[in-house]
Amino acid sequence: MKRIKFVTDSAADIPKEYADRYGVQVLPFSIALDKKLILDGVDYSPEEFYQLLISADHIPSHAQLTMFEFEQCFDQALQEGYDALIYTSINSKGSSTYENAILAQQHFQKKHPTFDIRVIDSRSYSFDYGFPVVEAAKQALKGPVNVDVAEAMIRGWLDHSVILFAPYSLKFAQRSGRIPVAAAF
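Heads up: these notes are all about the structure in this document. Since the model is a prediction, treat every value here as computed from it, not as a measurement.

## Some details on the sheet that holds strand β7 (residues 116-121)
Link 1 in the chain: Ordered by their spatial adjacency, four strands build an open sheet running β2-β1-β6-β7, and the pairing between neighbours is parallel. Edge strands, defined here as strands with exactly one partner in the open sheet, are β2 (24-27) and β7. If you compare each strand with its neighbour and ignore which way they point, the axes differ by 20 degrees on average.
Link 2 in the chain: Both strand β6 (residues 84-89) and β7 contribute to a ladder of six bridges, which runs parallel. If you follow Leu85 over to β7, its bridge partner there is Ile117.
Link 3 in the chain: Most of the contacts of helix α5 (residues 127-142) go to strand β1 (residues 4-9), to which it runs at about 165 degrees, and overall it touches β1, β2 and β6.

Encoded structure:
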């Protein structure tokens with residue numbers, strides 16, 4: 001059995017205590033907010049972020065994770081003695097992060113062909129893809145888990161889950177220009 005490192009990004013909304021308890025590495029997105037660059041989940045709590053969002057002049061934007069950041073992550077896992085890594089990405093239709101992870105995987109495995117890297121497109125957002133990562137990490141802590149089984153566990157959840165989204169307010173959708181003022185009203 002391979003020792004597996006579970007990795008995702010901060011859009012998975014995994015609570016810090018879960019990430020710490022189950023050994024999930026969460027790569028933070030950079031967010032541009034009123035001419036400041038902040039790291040998602042590192043420089044503020046979710047509650048603090050929503051307060052910043054309410055008082056911000058502009059809607060924040062995030063930058064995708066880069067190939068370089070992924071290669072650093074893969075190298076760190078290898079140095080820590082892991083044999084495999086499963087990265088579950090934010091929806092590839094909403095971010096280039098997934099493609100950057102695939103490029104980094106291909107480049108890294110040319111230099112380290114025995115290090116097993118799996119990259120999963122969640123095709124989803126928020127804790128919908130954070131949940132199966134946490135569950136797979138929990139199983140790995142209970143005892144050795146085959147990397148194929150862990151990957152199948154995550155993919156199985158993602159293939160059968162559905163998210164329903166109902167915004168509390170259309171204020172931010174209007175501020176971002178996604179809907180007109182009249183529709184928001």
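Past the structure itself, the notes keep going.
## A short note on the nonpolar core
Link 1 in the chain: The biggest cluster of nonpolar side chains holds 39 residues, and the ones touching the most others in it are Phe6, Phe70, Phe74, Leu85, Ile86, Tyr87 and Phe115.
Link 2 in the chain: The element contributing the most residues to this core is α5, with five residues.
Link 3 in the chain: Leave out the neighbours within four places in its chain, and Phe115 touches Phe74, Ala77, Leu78, Tyr82, Asp83, Ala84, Leu85, Phe108 and Gln109.

## Description of the pairing of β1
Link 1 in the chain: Among the six residues that make up β1, six are buried, leaving the element largely enclosed by the rest of the structure.
Link 2 in the chain: Side chains of β1 alternate between two faces, with Ile4, Phe6 and Thr8 and Lys5, Val7 and Asp9 buried alike.
Link 3 in the chain: Of the strand pairs in this sheet, β1 and β2 are connected by four bridges, and their pairing is parallel. Paired with Phe6 across the two strands is Val24, which belongs to β2.
Link 4 in the chain: This β-α-β element, β1 to helix α1 (residues 16-22) to β2, shows right-handed connectivity.

Criteria and thresholds
Residues numbered from 1 in each chain as written. Predicted model: local features only at pLDDT ≥ 70, side-chain atom pairs only at ≥ 80, totals over all residues. Heavy atoms only, no water. Pairing = 2+ DSSP bridges. Helix = DSSP H or I, 4+ residues; strand = E, 2+ residues; numbered from the N terminus. Axes fitted to C-alpha atoms, helices over the stretch in contact; angles between N-to-C directions. Contact = heavy atoms within 4.5 Å. Core = buried A, V, L, I, M, F, W, Y, C linked by side-chain atoms within 4.5 Å. Buried < 20%, exposed > 50% of the residue type's maximum accessible area, 1.4 Å probe, protein only. Right-handed = clockwise from strand over helix to strand, strands pointing away.

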